[in-house]
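Fold and geometry: a report
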Amino acid sequence: MKAEFAAFRARLEEHPILAGKVFPIVRKNGDEAVRANYVVAKSSKPDRLDDARFTAVSVFESDRRFTYDVRVVTTSDVALDTLGEPVLRQLVGHALVVPGRRCSPIGLVPDVEEGDGYDRTADLFFRDFSFRFWSRRA
């Protein structure tokens, strides 16, 4: 499961605009959010284990579906597109390369809960995406 997220994050960082700007959590300096343009890519456990057999017990090696959340954080609303577009280009329709696994092309999950927003306290803009794919035994 770590291999899938490592490949996901590496795929994001391959884009020159995103290189060195992908973090696991919102950046902070003490108690305050860092005012900068960056991307937060959050790992998660599989949200589904499925071997497509009604009598099979799910095991670690089972086919697994992942949904990863990505938040683009920027200092201006214009920069949301500057970072958001490369995120979409790097992920949507691309299959990750994970040793011993065969991944389906990544898709965008529609109607993400937060969407676009502005945090007045931190004076930062954000855009949320969720991406989904299957990782199957090779």
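Our structure is the block above this text.
The rules behind each value
- Residues numbered from 1 in each chain as written.
- Predicted model: local features only at pLDDT ≥ 70, side-chain atom pairs only at ≥ 80, totals over all residues.
- Heavy atoms only, no water.
- Phe/Tyr/Trp six-rings, centres within 6.5 Å; stacked < 30°, edge-to-face > 60°.
- Helix = DSSP H or I, 4+ residues; strand = E, 2+ residues; numbered from the N terminus.
- Buried < 20%, exposed > 50% of the residue type's maximum accessible area, 1.4 Å probe, protein only.
- Lys NZ or Arg CZ within 6 Å of the ring centre and 35° of its normal.
- Expected span 1.5 Å × (residues − 1).
- 1 Å grid on protein atoms, 1.4 Å probe; cavity = no way out; pocket = protein on both sides within 12 Å on 5 of 7 lines; lining within 4 Å.
- Points joined across faces, edges and corners; volume = space filled by probe spheres on them.
- Nonpolar A, V, L, I, M, F, W, Y, C, P; charged D, E, K, R; others polar.

Let us now look at the packing of aromatic side chains. Taken as a whole and judged by the stated rule, the model has 10 aromatic pairs. For the pair Phe 23 and Tyr 38, a centre-to-centre distance of 5.8 Å together with 90° between the ring planes defines the contact as edge-to-face. Of the two residues, Phe 23 is situated in strand S1 (residues 22-23) and Tyr 38 in strand S4 (residues 38-42); the sequence distance between them amounts to 15 residues. Taking the relative accessible area as the measure of exposure, Phe 23 reaches 25% and is therefore partly exposed. Taken together, a centroid distance of 5.8 Å and an interplanar angle of 55° make the contact between Tyr 68 and Phe 133 tilted. A residue pair is termed long-range when its members are at least 10 positions apart, and Tyr 68 in strand S6 (residues 64-74) and Phe 133 in strand S10 (residues 124-137) qualify at 65 residues. For Tyr 68, a relative accessible area of 0% translates into the label buried. Accessibility expressed as a relative area gives 1% for Phe 133, which makes it buried. Among the aromatic residues, those joined into a cluster by ring pairs are Phe 5, Phe 8, Phe 66, Tyr 68, Phe 129, Phe 131 and Phe 133. Above the plane of the ring of Tyr 38 lies Arg 27, whose end atom (NZ or CZ) is 5.4 Å from the centre.

It is worth spelling out helix H2 (residues 77-91) at this point. One turn of an α-helix holds 3.6 residues; hence residues three or four places apart share an orientation. Helix length check: H2, at 15 residues, gives a terminal C-alpha distance of 22 Å against a target of 21 Å (1.5 Å per residue), a fit within 8%. Among the residues of H2, Ala 79, Leu 80, Leu 83, Gly 84, Pro 86, Val 87, Gln 90 and Leu 91 are the ones counted as buried. Gly 93 occupies a position one or two residues after H2 and carries a positive phi of about 85°.

Glancing now at the layout of surface pockets. Of the pockets and cavities examined, the second largest pocket occupies roughly 200 Å³. Val 26, Ala 33, Asp 119, Ala 122 and Leu 124 are, among the 13 residues lining the second largest pocket, the residues nearest its centre. Of all the secondary-structure elements, those providing two or more residues to the lining of the second largest pocket are strand S3 (32-33), S6 and S10. Among the elements that make up the lining of the second largest pocket, the one with the highest residue count is S10 (three residues). Of the residues assigned to the lining of the second largest pocket, the class counts are seven nonpolar, one polar and five charged.

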